[in-house]
Amino acid sequence: MTSLVTDVGVVFSRELRPVVRDPFSVIFSMIQPLFFLGLFAPLLPDDSSLQWFVPGVIVMSCLFGSSMTGSNLLFEMQTGSHERMLVTPLRRPALLIGRALKEIVPMLLQAVLIVAVCIPFGFELHLAGALLGLLILAAFCVGLGALSYTLALLSKNRDWLFWTVQQTLLFPLLLLAGVLLPIENGPGWLQALSRANPMTYVVNAERALFDGDVLARTTLWGLIAAAFVGAAGLITGVRTMQRSE
Amino acid sequence: MIETRELTKHFKEVRAVDGVNLRVDRGELVALLGPNGAGKSTTLRMLTTLIPPTSGSAEVAGFDVVRQQREVRLRIGYIGQGNGAGHSQRGRDELISQGRAYGMRARAARARADELIESLGLGEVANRTVSTLSGGQRRRLDIAMGLIHAPDLLFLDEPSTGLDPQNRANLQEHIVRLRAEHGTTIVMTTHYLEEADSMAERVVIIDHGRIIADDSPQRLKSAHVGDRVVLGFDSESAADDAARALDGARHGAQVRITSDDGPRLAARSAALAPASIEVVRPTLDDVFLTLTGRSLREETLVEVSS
């Protein structure tokens with residue numbers, strides 16, 4: 001007999017299989033954040049810039065990757081493979097949860113790659129903090145992935161809608177989280193908007209954690225924000241999947 | 001295997017399916033035939049739990065398609081209009097994960113995948129990425145996925161659309177063989193007349209969301225159209241005599257008679273010594289034309305050429 005857990009496992013491993021079969025396709029898609037490190041980080045003012053900048057870039061690459069992942073579902077809705085899975089006895093929540101959980105894997109690979117590239121340039125790795133940081137990030141990217149799938153389900157055969165919404169939201173979220181430049185020097189209204197962005201707390205937590213500052217208040221706030229995004233994403237995603245025809 | 005009562009689906013103002021009562025028994029091969037937009041696929045999508053009916057009910061494999069979706073899904077196979085395999089996946093991987101989706105253990109799913117790869121002639125392409133397969137190969141992979149759990153009831157939605165004649169014949173052969181070997185109940189939609197005629201022993205003609213005829217192709221033809229026997233004579237007077245004797249209509253030196261059994265009438269009319277005898281047997285298109293005043297074929301031709 002199957003359970004929700006085995007169903008999630010089936011969907012998760014199916015999603016992961018192309019990555020396992022052809023790891024190069026993923027590695028090439030990971031090069032983008034390296035441009036930010038190579039071409040943007042040198043423009044930052046003080047010496048500790050890498051230590052400050054890298055955690056943000058890890059969150060950014062997670063945002064880019066996970067927010068686009070719905071396009072895979074959109075494509076499978078067009079080719080017919082999503083429909084084929086809807087006729088199987090797989091539980092509807094599993095169809096979403098399994099897909100969203102898969103987002104953790106490219107996120108981890110990407111984080112490892114970015115850190116590995118930066119260590120020779122003076123980035124200090126604090127392992128305990130980094131691991132907790134990745135855990136927070138896992139919850140965050142599962143939520144983002146789930147929201148991206150929700151958007152795909154709602155867009156249904158309207159690619160333009162998916163991409164318009166995704167692209168429109170992407171940069172405000174990124175800039176307001178203070179990934180590229182610190183928010184503290186900005187005007188009050190910008191800081192207020194930044195405080196309303198859950199990603200801000202995740203980015204702050206990652207910066208503290210990757211710097212070895214584990215028992216900080218920012219960690220707790222990051223954890224809460226990531227758990228909120230994760231739960232909200234999964235709940236909306238599962239509901240949308242159950243309702244979609 | 002299937003029983004629907006006043007099955008109805010509305011899409012906003014459109015009555016896509018309008019009170020369908022259909023009963024399919026175990027082991028039947030039924031073709032739902034009708035023009036595009038007649039409601040065939042919508043009916044199929046309700047029977048396979050993909051969309052809920054607006055009203056009416058349907059029992060499939062003994063379970064209600066709305067209240068017992070999971071029970072229905074466990075017992076049916078479905079091959080939709082699109083390609084079931086993910087384009088970035090490998091065929092064999094998709095077959096195995098399809099088996100796992102039906103609760104098969106990994107080892108059993110692998111063994112069953114091997115079996116289907118073998119019987120559908122996919123050996124050389126099963127380890128390739130699906131996006132590199134030809135249309136015919138993908139379709140066979142779809143069939144394999146639909147059969148992974150050896151369902152008793154198989155639904156196929158326009159299975160041969162988009163295939164060239166050779167692949168189409170190939171596919172039809174697979175379906176017929178599947179039924180002969182396993183006694184699988186098969187319900188398929190099609191707008192290809194020849195496909196319905198040659199494969200199904202029962203054709204359900206659907207138009208505007210309603211069943212307008214339901215019988216074997218042979219009986220549909222004799223009941224709604226009948227054979228036409230055309231006798232040619234050397235003179236109009238001989239034709240006149242024959243027309244009276246056989247209760248036919250004379251057109252010049254020809255006599256045309258409609259009959260349930262054209263060949264028998266032709267044999268009988270040989271006694272009148274006609275110069276030529278022609279028996280014209282109706283097609284399912286003639287049946288559709290008689291029932292609706294429209295031809296299915298025009299639409300098919302347009303589709304093929306586009």
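Keep in mind that this is a model prediction, so the values were computed, not measured.

When you go through chain A residue by residue, the secondary structure sums to 13 helices and 0 strands. Starting at the N terminus, the α and β elements of chain A follow one another as α-α-α-α-α-α-α-α-α-α-α-α-α. Reported as C-alpha extents along the three principal axes, the dimensions of chain A are approximately 55 × 40 × 35 Å. Buried positions account for 51% of the 245 residues belonging to chain A. Within chain A, contacts between residues at least 6 apart in sequence are counted, and of these 81% link residues at least 24 apart.

Moving on, we get to the overall build of chain B. Of regular secondary structure, chain B possesses 12 helices and 15 strands. Across its three principal directions, the C-alpha atoms of chain B cover 80 × 45 × 35 Å. In chain B, which comprises 306 residues, the proportion classed as buried is 51%. For chain B, long-range pairs separated by at least 24 residues make up 68% of all intrachain contacts whose partners lie at least 6 apart in sequence.

Our focus in this paragraph is the packing of helix α7 (residues 92–102) of chain A against helix α8 (residues 104–118) of chain A. All names here are of chain A. Where α7 meets α8, the axes come as close as 4 Å, and the angle between the chain directions of the two elements is 5°. When the axis of α7 is compared with that of α8, the two are roughly parallel. Touching Ala100, Leu101 and Lys102 of α7 are Ile104, Val105 and Pro106, all from α8.

What follows is about the packing of aromatic side chains. Inspection of the entire model under this criterion finds 6 aromatic pairs over all chains. Between phenylalanine 123 of chain A and phenylalanine 210 of chain A, the ring centres sit 6.4 Å apart and the planes meet at 45°, which makes this aromatic pair tilted. Note that phenylalanine 123 of chain A is positioned in the loop between α8 and α9 (127–155) and phenylalanine 210 of chain A in helix α12 (residues 198–210), a separation of 87 residues in sequence. Measuring from ring centre to ring centre gives 5.1 Å for phenylalanine 162 of chain A and tryptophan 163 of chain A, while their planes differ by 85°; the resulting arrangement is edge-to-face. Given a relative accessible area of 0%, phenylalanine 162 of chain A falls into the buried group. Residue class for tryptophan 163 of chain A comes out partly exposed when judged on its relative accessible area of 30%. In textbook terms, an aromatic cluster arises when at least three aromatic residues are bridged by ring pairs, as seen for Phe40, Trp52 and Phe53 of chain A. Against the face of tryptophan 52 of chain A rests arginine 207 of chain A, its NZ or CZ located 3.8 Å from the ring centre. For arginine 168 of chain B, the ring lying beneath its charged end belongs to tyrosine 192 of chain B, and the centroid distance is 4.0 Å.

All names here are of chain A. When the UniProt feature table is mapped onto this chain, "transmembrane region" (unreviewed entry) is found at residues 24–44, 50–75, 104–123, 129–154, 161–183 and 219–238. Secondary structure over residues 161–183 splits into 70% helix and 0% strand, and the C-alpha atoms at its two ends are 30 Å apart. With 100% helix and 0% strand, the stretch residues 219–238 has end C-alpha atoms that lie 28 Å from each other.

This brings us to the domain arrangement of chain B. Parsing chain B into structural domains produces domain 1 (2–221) and domain 2 (227–281). Computed from C-alpha atoms alone, the centre-to-centre distance between domain 1 of chain B and domain 2 of chain B is 45 Å.

Attention now goes to helix α8 (residues 217–224) of chain B. Because each turn of an α-helix spans 3.6 residues, side chains separated by three or four positions end up pointing in the same direction. Residues and elements named next belong to chain B. Among all positions in α8, only Pro217, Leu220 and Lys221 are buried. With its buried residues spanning 95° around the axis, α8 presents them on a single face. In α8, the exposed positions angled more than 90 degrees off the buried face are occupied by Arg219 and Ala223. Those residues of α8 hidden inside the fold are in contact with α7 (193–199), β10 (202–207), β11 (210–215) and α11 (284–292). In the stretch just after α8, glycine 226 is the one whose phi turns positive, near 85°.

On to the UniProt feature "domain: ABC transporter" (unreviewed entry) in chain B, then. With numbering matched to this structure, UniProt assigns "domain: ABC transporter" (unreviewed entry) to residues 2–233 of chain B. Helix makes up 37% of residues 2–233 of chain B and strand makes up 28%, while its end C-alpha atoms are separated by 53 Å.

Let us now look at the interface of chain A and chain B. Chain A puts 22 residues into the contact, and the matching count from chain B is 31 residues. Across the chain A to chain B interface the summed buried area is about 2,400 Å²; carbon plus sulfur atoms make up 53%. Counting the contacts that link chain A with chain B gives 4 salt bridges. A salt bridge links glutamate 94 of chain B to arginine 84 of chain A; the shortest N-O distance between them is 2.8 Å. There are 12 residue pairs in polar contact (both at pLDDT 80 or more) connecting chain A and chain B. Among the secondary structure elements, those contributing two or more residues to the side of chain A that touches chain B are α1 (4–21), α5 (70–79) and α6 (81–87) of chain A. For the side of chain A that touches chain B, a count of residues per class yields 8 nonpolar, 5 polar and 9 charged.

The next point concerns unusual backbone geometry. All names here are of chain B. Positive phi values are uncommon outside glycine, yet lysine 12 reaches one of about 50°. The phi dihedral of glutamate 158 falls on the positive side, at around 45°, and the residue is not glycine. Here glutamate 158 is to be found in the loop between β8 (153–157) and α6 (165–182). Given the relative accessible area of 7%, glutamate 158 is considered buried.

Now for the sheet that holds strand β4 (residues 29–33) of chain B. All names here are of chain B. With respect to topology, 6 strands assemble into an open sheet ordered β7-β8-β9-β4-β10-β11, the strand pairing being mixed. Whereas interior strands pair on both sides, the edge strands pair on one side only; in this sheet they are β7 (76–79) and β11. Each strand of the sheet is rotated relative to its neighbour by a mean of 15°, with strand direction disregarded. One ladder, built from 4 bridges, connects β4 with β10; its direction is parallel. By the bridge assignment, leucine 32 is partnered in β10 with valine 204. Lying on the sheet, α11 is in contact with β4, β10 and β11; it crosses β10 at an angle near 40°.

Rules of the game
Each chain has its residues counted from 1, running along the sequence as written. All chains are assigned letters beginning with A, and all ligands numbers beginning with 1, in the order in which they are written. Whole-chain, interface and lining totals are the exception, using all residues; otherwise, since this is a predicted model, local features are given only for residues with pLDDT of at least 70 and side-chain atom pairs are given and counted only at 80 or more. To get the side-chain values, take all heavy atoms of the structure and skip hydrogens and water. In DSSP terms, a helix is any run of H or I states spanning at least four residues, a strand is any run of E spanning at least two, and both are numbered starting from the N terminus. Each residue gets one of three labels from its accessible area relative to the maximum for its type: buried under 20%, exposed over 50%, partly exposed in between, using a 1.4 Å probe on protein chains only. In what follows, residue pairs with any heavy atoms lying within 4.5 Å of each other are defined as contacts. Orientation is described by axes fitted as lines to C-alpha atoms, over the contacting stretch for helices, and by angles from 0 to 180 degrees between their N-to-C directions. Note on angle classes: values under 35 degrees are labelled roughly parallel, values over 145 roughly antiparallel, values of 65 to 115 roughly perpendicular, and the remainder oblique. Aromatic contacts are taken between Phe, Tyr and Trp rings whose centres are within 6.5 Å, Trp giving its six-membered ring; a plane angle under 30 degrees counts as stacked, one over 60 as edge-to-face, and the others as tilted. In this scheme, Lys NZ or Arg CZ marks a charge over a ring once it lies within 6 Å of the ring centre and within 35 degrees of the ring normal. UniProt positions are given in the numbering used here, feature names are shortened, and annotations may be inferred rather than shown by experiment. Note that the domain bounds were set by an automatic or database domain assignment. This arc corresponds to the set of directions leading from the helix axis out to the C-beta atoms. A simple way to read buried area is as the amount of 1.4 Å-probe accessible surface that goes missing from two parts once joined, with both sides added. Take a side-chain nitrogen of Lys or Arg and a carboxyl oxygen of Asp or Glu: if they are within 4 Å of each other, that pair is a salt bridge. N or O atoms closer than or at 3.5 Å make up a polar contact, with two conditions inside protein: a donor-capable atom paired with an acceptor-capable one, and, for residues adjacent in sequence, both atoms drawn from side chains. When residue character is reported, Ala, Val, Leu, Ile, Met, Phe, Trp, Tyr, Cys and Pro are called nonpolar, Asp, Glu, Lys and Arg charged, and the others, Gly included, polar. The pairing criterion is simple: DSSP has to find at least two bridges between the two strands.

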